[in-house]
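Inside the fold
Residue-level listing of the chains:
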Amino acid sequence: MPFGCVTLGDKKDYNQPTEVSDRYDLGQLIKTEEFCEVFRAKEKSSGKLYTCKRFLKRDGRKVRKAAKNEINILKMVKHPNILQLVDVFETKKEYFIFMELASGREVFDWILDQGYYSERDTSNVIRQVLEAVAYLHSLCIVHRNLKLENLLYFNRMKNSKIVISDFHLAKVETSLIKEPCGTPEYLAPEVVARQRYGRPVDCWAIGVIMYILLSGNPSPSLATVSLVSHPPSLAIVSLVNPRLPSATVSLVNPRLPFATVSLVTSSFPSATVSLVTPRLPSATVSLVSSSLPSATVSLVNPRLPSATVSLVTPPPPYFCYSLSPIW
């Protein structure tokens, strides 16, 4: 089926609203998202059902940018585990994006009802997601918002395939990306630390998805990060989790020139940060918590010229830190 709009942003190519209504009936409003409304639509000539996203231009530049971005990305991709673009219309006031209809449920809804997946079911879901993401990465496309809510069962059959949706934040990676975006629980450490990033952030998100599928828990109950290595020249450890009850970060590296440790949570009962390295010229440790009852920060370094320890929290009943530089 030819796309209703070939060139975006050119006034002479604007579609008339009647072109949309003559071809499709917009039916039930399925949901309202950040940038658009999602409808169920029926093609009048064939009776086939599709999903329609409607973006209102008057809602601002970000909405217009999201619509154009999703259209451009979807035109580039064709994969069985990616929701496919069917038709596009741009009027003076709106963008209409028609896609395949995934009549099954979100994987997220299944988790809410059932609690967790078996290992076999999890491996089946993750395999399909990995195949789709590998395809995207082969085109240098970073999805940047992989999460359970964007994984859909294509139909209601028992062995339905999984499809990935929502590409308004996706980006073609021509160089490392600066702009942070995504859903907090699924963000990779380099995004949280506001470092440049690329396609590996999707792999991090898939790891979070797999954890939730297996455990049924939207966030780990314990985080332990340990780096014992010689080659790395930079260590950035960032934990962003509103429900993390315990965190332990340990860096042991004889050649690590720079380390940044950032813990952001609303309910840490315990946090332990330990840096042991003989050549660390700079160390920054930041703990941000609304209710930190206990925190221990230990830096052991004979040549540490600079160390910053930052706590943003009501004074905890127990806190100690140890800096052991020897000049």
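Now for a quick tour of the structure.

This part covers the packing of helix α4 (residues 119-138) against helix α6 (residues 200-215). One can describe the packing of α4 onto α6 by two numbers: an axis separation of 10 Å at closest approach and a directional angle of 165°. Compared by their axis directions, α4 and α6 come out roughly antiparallel. α4 and α6 meet at a crossing whose hand is right-handed. Residues E119, T122, V125, I126, V129, L130, V133 and H137 of α4 form the contact with α6, whose own contacting residues are D202, C203, I206, I209, M210, L213 and L214.

Once that is clear, we can look at the side chain of K53. Tracing the backbone through its elements, the reader meets K53 in strand β3 (residues 49-56). Here E70 takes part through its side chain, which lies 3.0 Å from a polar atom of the side chain of K53. Setting aside anything within four residues of it in sequence, one finds K53 in contact with E33, C36, E37, V38, E70, Y95, F96, I97, M99 and D166.

This brings us to the nonpolar core. Among the nonpolar cores identified, the biggest contains 46 residues, and F55 and L213 are the most heavily contacted of them. Secondary-structure elements contributing two or more residues to this core are α2 (61-76), β4 (85-90), β5 (94-100), α3 (107-114), α4, β7 (151-153), β8 (162-164) and α6. Excluding anything up to four places from it in sequence, F55 contacts F35, C36, V63, A66, A67, E70, K93, E94, Y95 and I97. V20, Y24, F39 and V86 belong to the second largest nonpolar core, which has ten residues in total.

Our next topic: a nonpolar patch on the surface. Side chains of M76, L139 and V172 sit close together on the surface and give an oily, nonpolar patch of about 210 Å² of accessible area. In this fold, L139 is placed in the loop between α4 and β6 (141-142). Residue classification places L139 among the partly exposed residues on the basis of a relative accessible area of 30%.

Glancing now at the pattern of salt bridges. The tally for this structure, following the rule as stated, stands at 13 salt bridges. Ionic pairing is found between E173 and R199, a salt bridge with its closest N-O pair at 2.8 Å. Note that E173 is positioned in the loop between β9 (171-172) and α5 (189-192) and R199 in the loop between α5 and α6, a separation of 26 residues in sequence. By sharing partners, the salt bridges in this structure join K31, E33, K53, E70, E106 and D166 into a single network.

Taken in spatial order, the five strands line up as β1-β2-β3-β5-β4 in an open sheet, and their pairing is antiparallel. Of all the strands in the sheet, just β1 (24-32) and β4 have a single pairing partner and so form its edges. In this sheet, neighbouring strand axes are inclined to one another by 25° on average, regardless of whether the strands run parallel or antiparallel. Along the sheet face, α2 touches β3, β4 and β5 and points at about 35° away from the line of β5.

A few words now on a positive patch on the surface. A cluster of basic residues, R61, K62, R64, K65, K68 and K171, forms a positive patch at the surface. The element best represented in the positive patch is α2, accounting for five residues. Residue R61 is classed as exposed on the basis of its relative accessible area of 57%.

Procedures and definitions
Residues numbered from 1 in each chain as written. Predicted model: local features only at pLDDT ≥ 70, side-chain atom pairs only at ≥ 80, totals over all residues. Heavy atoms only, no water. Axes fitted to C-alpha atoms, helices over the stretch in contact; angles between N-to-C directions. Helix = DSSP H or I, 4+ residues; strand = E, 2+ residues; numbered from the N terminus. Parallel < 35°, antiparallel > 145°, perpendicular 65-115°, else oblique. Left-handed = near helix turned anticlockwise from the far one by under 90°. Contact = heavy atoms within 4.5 Å. Polar contact = N/O pair within 3.5 Å; in protein donor to acceptor, adjacent residues only side chain to side chain. Core = buried A, V, L, I, M, F, W, Y, C linked by side-chain atoms within 4.5 Å. Buried < 20%, exposed > 50% of the residue type's maximum accessible area, 1.4 Å probe, protein only. Patch = residues over 30% accessible without salt bridge, like charges linked within 9 Å, V, L, I, M, F, W, Y side chains within 5 Å. Areas by Shrake-Rupley, 256 points an atom, 1.4 Å probe, with all protein chains shown as cover. Salt bridge = Lys/Arg side-chain N within 4 Å of Asp/Glu carboxyl O. Pairing = 2+ DSSP bridges. Lys, Arg positive; Asp, Glu negative; His and termini not counted. Charge placed at Lys NZ, Arg CZ, Asp CG, Glu CD.

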